[in-house]
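Coordinate analysis (summary)
Listed below, chain by chain, are the residues.
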Amino acid sequence: MRGVSCLFAGAWLVAAQAIAADVEAGRAKAEVCVACHGLNGNAVLPGVPSLAAQPAMHTFLQLVQFREKRRRDPQMSPFAEKLTDRDMQDIGAYFAAQKAAPSSFVVDANKAAIGRKLLEAHHCGSCHMPDLSGQNQIPRLAGQNVEYLVKQMRGLKDGSRRDIDGTMASAAQALSVQDIDNLAHYLASVK
Ligand code: HEC
Ligand code: HEC
């Protein structure tokens with residue numbers, strides 16, 4: 001399984017680098033997305049992720065995964081099915097160029113304090129960057145929606161959300177249900 005995932009990631013990373021993305025074309029192609037993902041990709045609906053300031057490579061690869069049915073969601077999947085590689089590249093570049101608005105989520109301060117310690121203990125910032133802004137295929141986590149974060153971490157742990165190369169699935173194994181809740185509150189609170 002791990003071998004197949006690596007091959008999948010490798011092929012698409014090459015595809016991603018071969019296309020020169022167009023931010024303005026991406027803006028037009030992303031018009032249908034803002035109904036759920038919010039103005040400029042700053043989401044306010046519970047369970048819907050913000051896309052603003054996400055690394056372009058991450059957005060591209062997740063869209064490919066939805067289109068290829070490796071990742072599934074009843075709301076999201078239909079929107080990825082119609083996109084070409086070029087569309088996904090342009091959309092990724094557009095959202096990467098948007099500013100992340102300060103999140104308005106109400107977080108539990110006690111949970112966030114525990115979450116911060118867990119984040120340090122598990123070295124999450126070594127991949128997601130110390131400021132949690134993400135890099136390449138690794139997503140930005142700062143200010144992300146709490147419900148979304150909880151669902152993804154649970155899914156990455158139990159395998160119901162597949163990932164591109166298995167690295168995040170391994171990182172999630174050590175997390176308990178309570179750890180996930182505490183981490184999500186901390187991540188959502190990061191500016
Ligand atoms: C009807 C609402 C809806 C619309 C419209 C929609 N999405 Fe989504 N999108 C979602 C939901 C809900 C999720 C979270 C799915 C999950 O829980 O796994 C999601 C997840 C995503 C993700 C994964 C983010 C991450 O960090 O892993 C990307 C990328 C994305 N959407 C891009 C788009 C793009 C681009 C469009 C427009 C072409 C779009 N979405 C339109 C609801 C929507
Ligand atoms: C070895 C590198 C690595 C480490 C360490 C790591 N992650 Fe990740 N993480 C990734 C990658 C790569 C992805 C993208 C997964 C995919 O392809 O779907 C990801 C995805 C995620 C997501 C999904 C976000 C989204 O937008 O969909 C969350 C939440 C997350 N990581 C939280 C954490 C937390 C919390 C820790 C520490 C306990 C952590 N990660 C440690 C590499 C890492």
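Attention here is on the structure that accompanies the text. (Residues numbered from 1 in each chain as written. Chains lettered and ligands numbered in written order. Predicted model: local features only at pLDDT ≥ 70, side-chain atom pairs only at ≥ 80, totals over all residues. Heavy atoms only, no water.)

What about the coordination of the iron atom of ligand 1?
Ideal geometry at a metal gives 109.5 degrees between four tetrahedral donors and either 90 or 180 degrees between six octahedral ones. Only His37 (NE2) and Met76 (SD) from the protein coordinate the iron atom of ligand 1, and they sit 2.0 to 2.1 Å from it. One can describe the site at the iron atom of ligand 1 as octahedral: its six donor atoms subtend angles covering 87 to 178° at the metal. Of this pair, His37 sits in helix α3 (residues 34–37) while Met76 sits in the loop between α4 (56–67) and α5 (77–81), and the two are 39 residues apart along the sequence. (Donors = N, O, S within 2.8 Å, 3.2 Å for Na, K, Ca; no water. Tetrahedral: all angles 85-135°; square planar, octahedral: opposite > 155°, others 65-115°. Helix = DSSP H or I, 4+ residues; strand = E, 2+ residues; numbered from the N terminus.)

Some words on the side chain of Gln62
Along the chain, Gln62 falls in helix α4. Judged by its relative accessible area of 9%, Gln62 is buried. A distance of 3.2 Å separates a polar atom in the side chain of Gln62 from a polar atom in the side chain of Arg161. When neighbours within four sequence positions are excluded, Gln62 is seen to be in contact with Arg71 and Arg161. (Buried < 20%, exposed > 50% of the residue type's maximum accessible area, 1.4 Å probe, protein only. Polar contact = N/O pair within 3.5 Å; in protein donor to acceptor, adjacent residues only side chain to side chain. Contact = heavy atoms within 4.5 Å.)

Comments concerning the site of ligand 2
As a matter of local geometry, ligand 2 sits amid 22 residues, with Cys124, Cys127, His128, Arg161 and Met168 nearest to it. For ligand 2, a nitrogen atom lies 2.8 Å from a polar atom in the side chain of His128. One of the side-chain N or O atoms of Arg161 is found 2.5 Å from an oxygen atom in ligand 2. Among the secondary structure elements, those contributing two or more residues to the shell around ligand 2 are α4, α8 (125–128), α9 (146–158) and α10 (167–173). Here the shell around ligand 2 gets four residues from one element, more than from any other, and that element is α9. Each residue belonging to the shell around ligand 2 can be placed in one class, and the counts come to 14 nonpolar, six polar and two charged. Taken domain by domain, the shell around ligand 2 gets at least three of its residues from each of domain 1 (2–96) and domain 2 (109–189). (Near = heavy atom within 4 Å. Nonpolar A, V, L, I, M, F, W, Y, C, P; charged D, E, K, R; others polar. Domains from an automatic or database assignment.)

A look at the coordination of the iron atom of ligand 2
Looking at the iron atom of ligand 2, the protein donor atoms are His128 (NE2) and Met168 (SD), and they sit 2.0 to 2.1 Å from it. With six donor atoms in place around the iron atom of ligand 2 and angles of 88 to 180° between them, the coordination shape is octahedral. Pair noted here: His128 is in helix α8 and Met168 is in helix α10, with a separation of 40 residues, a long-range link. Among the residues examined, Met168 registers a relative accessible area of 24% and is labelled partly exposed.

A short note on the nonpolar core
Within the largest apolar cluster, 19 residues are counted, with the highest numbers of intra-cluster contacts made by Leu119, Leu132, Met153 and Leu187. Breaking this core down by element, the ones donating at least two residues are α7 (109–121), α9 and α11 (177–189). Considering every element that reaches this core, the biggest residue donor is α11, with six residues. The contacts of Leu187, once residues within four sequence positions are left out, are Leu119, Leu132, Leu141, Ala142, Gly143, Gln144, Leu149 and Met153. Core analysis: the second largest hydrophobic core is formed by 17 residues, Leu51, Leu61, Tyr94 and Phe95 among them. (Core = buried A, V, L, I, M, F, W, Y, C linked by side-chain atoms within 4.5 Å.)

In short, geometric facts, not functional conclusions.
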